[in-house]
Amino acid sequence: MRLYAQTPARRNRQVLADLIAMGLMAAAVWFALAVHDAIMMLAEPGRRVESSGDSLAGGLADAGDAASNVPFVGDLLKKPLQSAADASSGIADAGQSMQDAVGQLATLTTVALIVLPVAVVLLLWLPARLRWIRRSITLRRLFDAPGGADLLALRALTGPLGDLLALPTPPGGLADAWRRGDERVIGELSEAALRRAGLRP
């Protein structure tokens, strides 16, 4: 199986198309990761809220524990401090929820920014490359098969006229020589058909 054409012009075009496709996909991934990092910066307030809530909750819990040691009114003093500590834990949880939401948004955005451009590039680039590979395999097998050169010569005769202008014209024309089974003309026409596909005999 041949991945690239044998003729320089077509091979260069294929290599250039492959490099452009790979470059576009790499650029899409790089851009998506940059957007991910930018979105994740929005989680910073959530981290600060969580940190502040945890610190406040810890401080109030410690104060409640200390207040519980006060004789006679320790339990009365501890309850409001413990309630305030629980409320502070809720603030910390809200900060964590904010970070989770930003993280999910960043992930979904990154996936979309990678999948959509890569899918478009693949749909535009890959089918043409696969068609050429399949066609080159078919043409090569046909050329090597008995009578295959004759069929390729017919393909060249029915193809673009520009391919025929480069061939020497025998008396009576190329079509007449092909009908007569002129092996030299059939060989030249079949080689022209292969060259058009980017292959060499």
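Reading the values: rules and limits
Residues numbered from 1 in each chain as written. Predicted model: local features only at pLDDT ≥ 70, side-chain atom pairs only at ≥ 80, totals over all residues. Heavy atoms only, no water. Helix = DSSP H or I, 4+ residues; strand = E, 2+ residues; numbered from the N terminus. Buried < 20%, exposed > 50% of the residue type's maximum accessible area, 1.4 Å probe, protein only. Contact = heavy atoms within 4.5 Å. Areas by Shrake-Rupley, 256 points an atom, 1.4 Å probe, with all protein chains shown as cover. Phe/Tyr/Trp six-rings, centres within 6.5 Å; stacked < 30°, edge-to-face > 60°. Lys NZ or Arg CZ within 6 Å of the ring centre and 35° of its normal. Patch = residues over 30% accessible without salt bridge, like charges linked within 9 Å, V, L, I, M, F, W, Y side chains within 5 Å. Salt bridge = Lys/Arg side-chain N within 4 Å of Asp/Glu carboxyl O. pLDDT = per-residue confidence, 0-100. Core = buried A, V, L, I, M, F, W, Y, C linked by side-chain atoms within 4.5 Å. Axes fitted to C-alpha atoms, helices over the stretch in contact; angles between N-to-C directions. Parallel < 35°, antiparallel > 145°, perpendicular 65-115°, else oblique. Left-handed = near helix turned anticlockwise from the far one by under 90°. Nonpolar A, V, L, I, M, F, W, Y, C, P; charged D, E, K, R; others polar. Expected span 1.5 Å × (residues − 1). Polar contact = N/O pair within 3.5 Å; in protein donor to acceptor, adjacent residues only side chain to side chain.

Draft legend 1. The overall build of the protein, seen in detail. Looking only at helices and strands, the protein features seven helices and zero strands. Ordered by position from N to C terminus, the α and β elements of the protein give α-α-α-α-α-α-α. Across the 201 residues of the protein, 29% fall into the buried class. Within the protein, contacts between residues separated by at least 24 positions form 69% of all contacts whose residues are at least 6 apart in sequence. Roughly 12,400 Å² of accessible area belongs to the protein as shown, and the carbon and sulfur atoms make up 66% of that amount.

Draft legend 2. Just the packing of aromatic side chains, in detail. Counted under the stated rule, the structure contains zero aromatic pairs. Against the face of Y4 rests R129, its NZ or CZ located 4.8 Å from the ring centre.

Draft legend 3. Structural view of a nonpolar patch on the surface. On the surface, a cluster of nonpolar side chains totalling about 510 Å² of accessible area is made up of M1, L3, Y4, V15 and L19. In this structure, L3 sits in the segment before α1 (8-40).

Draft legend 4. How the structure looks around the confidence of the model for the protein. Looking at the protein, pLDDT values average 79 and 75% of them are 70 or higher. Taken element by element, the predicted model of the protein shows its lowest mean pLDDT in helix α2 (residues 44-67) (64) and its highest in α1 (92).

Draft legend 5. Structural context of the nonpolar core. In terms of nonpolar packing, the biggest core is built from 20 residues, with L139, L164, L167, L174 and L189 touching the most fellow members. Elements with a minimum of two residues in this core: α3 (74-144), α4 (148-157), α6 (174-180) and α7 (183-196). Counting residues per element, this core draws most heavily on α7, at six residues.

Draft legend 6. Local environment of the pattern of salt bridges. According to the stated counting rule, one finds one salt bridge in the structure shown. Across the pair R129 and D18 runs a salt bridge whose closest N-O atoms are separated by 3.1 Å. Of this pair, R129 sits in helix α3 while D18 is found in helix α1, placing the two residues 111 residues apart along the sequence. A relative accessible area of 10% means that R129 is categorised as buried.

Draft legend 7. Spatial organisation of the packing of α4 against α7. As a packed pair, α4 and α7 sit with axes 7 Å apart at the nearest point and diverge in direction by 70 degrees. As summarised for this structure, α4 and α7 are arranged roughly perpendicular, according to the angle between their axes. In this structure, the crossing between α4 and α7 has a hand that is left-handed. When α4 is examined against α7, the residues A149, D150, L152, A153, A156 and L157 are found in contact with a partner set consisting of I186, L189, S190, A193 and L194. Taken together, the residues that form the contact of α4 with α7 break down as nine nonpolar, one polar and one charged.

Draft legend 8. Region of interest: α7. The end-to-end C-alpha separation of α7 is 20 Å, in line with the 20 Å expected for 14 residues at 1.5 Å each. Among the residues of α7, V185, I186, E188, L189, S190, A192, A193 and L194 are the ones counted as buried.

Draft legend 9. Geometry of the side chain of Q14. Position of Q14 relative to the elements: it lies in helix α1. Judged by its relative accessible area of 7%, Q14 falls in the buried class. A polar contact of 2.7 Å, which involves the side chain of Q14, links it to the backbone nitrogen of A5. Q14 has contacts with L3, Y4, A5, R129 and W132, leaving out every residue within four places of it along the chain.

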